[in-house]
Amino acid sequence: VVGAAAVALPLGRGSAMYMSEYASPRTRNLLKPVLEVLAGIPTVVYGYFALTFVTPILKSFLPQTQVFNAASASIVVGIMVLPMVASLCDDALRAVPDSLREAGYALGATRMEVSTRVVLPGALSGVLASFILAASRAIGETMAVMLAAGATPNLSMNPLESIQTITAYTVQ
């Protein structure tokens, strides 16, 4: 969950800030449905993606990486919850009244300062809610992690080793 959050939260918040504050309406109307389609991909497909694509990339950088490893599972679960974070953060950021943005510009703030110091704090409750929902989904994802991380009941802090999810261990 921590690895998935490290992937999904910064990328999701950044893409949401881009879509709500910087992207043209045409770009936003193109990116939003793409994110929603990514959210509909089954977890088995994400698990297969981790096994056949992410793990070989990790092995090229870190040769000691096992075939089944927690790092690729974390990355893929992060990619899986990324659309949820981006979509919910975008909705929260767009809900901030334009009068707050205009007030920031009237005080001489740049676009980046308005985005980070006015809009983001104004939408903080929605952004935090998206983080909590994404973490909840990451906790519940068993299939993608099972395919990517294997099923070895191993308690290790090394993300390059095989692990087993709590759900799978409970069922076993």
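See the structure above.
The structure reproduced in this document is the subject of the present report. What you see is a predicted model, and the numbers here were worked out from it, not measured in a lab. (Residues numbered from 1 in each chain as written. Predicted model: local features only at pLDDT ≥ 70, side-chain atom pairs only at ≥ 80, totals over all residues. Heavy atoms only, no water.)

Some points on the packing of helix H4 (residues 70-94) against helix H7 (residues 124-140)
Closest axis-to-axis distance for the H4/H7 pair is 9 Å, and the angle between their directions is 160°. Classed by the angle they form, the pair H4 and H7 counts as roughly antiparallel. In this structure, the crossing between H4 and H7 has a hand that is right-handed. Facing H4, whose interface residues are Val77, Met80, Val81, Met84, Val85, Leu88, Cys89 and Ala92, H7 presents Gly126, Val127, Ser130, Phe131, Leu133, Ala134, Arg137 and Ala138. In terms of residue class, the contact of H4 with H7 is made up of 13 nonpolar, 2 polar and 1 charged. (Axes fitted to C-alpha atoms, helices over the stretch in contact; angles between N-to-C directions. Helix = DSSP H or I, 4+ residues; strand = E, 2+ residues; numbered from the N terminus. Parallel < 35°, antiparallel > 145°, perpendicular 65-115°, else oblique. Left-handed = near helix turned anticlockwise from the far one by under 90°. Contact = heavy atoms within 4.5 Å. Nonpolar A, V, L, I, M, F, W, Y, C, P; charged D, E, K, R; others polar.)

Things to note about the packing of helix H1 (residues 2-22) against helix H6 (residues 111-122)
Between H1 and H6, whose axes approach to 11 Å, the crossing angle comes to 110°. Regarding the angle of H1 to H6, the classification is roughly perpendicular. The element H1 and its partner H6 pack so that their crossing is right-handed. Across the interface between the two elements, Arg13, Met17, Glu21 and Tyr22 of H1 pack against Arg111, Met112, Ser115, Thr116, Val119 and Leu120 of H6.

Section: the packing of aromatic side chains
Applying the stated rule across the entire model yields 1 aromatic pair. Ring centres of Phe49 and Phe53 lie 5.0 Å apart, and the angle between their planes is 20°; this geometry places the pair in the stacked category. Linking Phe49 with Phe53, this pair stays in helix H3 (residues 43-61), spanning 4 residues, or about one helical turn. On the accessibility criterion, Phe49 (32% relative accessible area) is partly exposed. For Phe53, a relative accessible area of 45% corresponds to the partly exposed category. (Phe/Tyr/Trp six-rings, centres within 6.5 Å; stacked < 30°, edge-to-face > 60°. Buried < 20%, exposed > 50% of the residue type's maximum accessible area, 1.4 Å probe, protein only.)

Describing the side chain of Ser72
Among the secondary structure elements, Ser72 is positioned in helix H4. The exposure class of Ser72 is buried, given its relative accessible area of 0%. The residues contacting Ser72, other than those within four sequence positions of it, are Ala50, Val54, Thr55, Leu58 and Ala148.

Observations regarding H7
A rise of 1.5 Å per residue sets the reference length of H7, with its 17 residues, at 24 Å; its end C-alpha atoms lie 24 Å apart and thus fit the reference within 8%. Within H7 the residues assigned to the buried category are Val127, Ser130, Phe131, Ala134, Arg137 and Ala138. Around the axis of H7, the buried residues are gathered within 130° of arc, so they sit on the same side. Counted as exposed and oriented over 90 degrees from the buried face of H7: Ser125, Ile132, Ile139 and Gly140. Those residues of H7 that are buried lie in contact with H1, helix H2 (25-39), H4 and H6. (Expected span 1.5 Å × (residues − 1). Arc of directions from axis to C-beta.)

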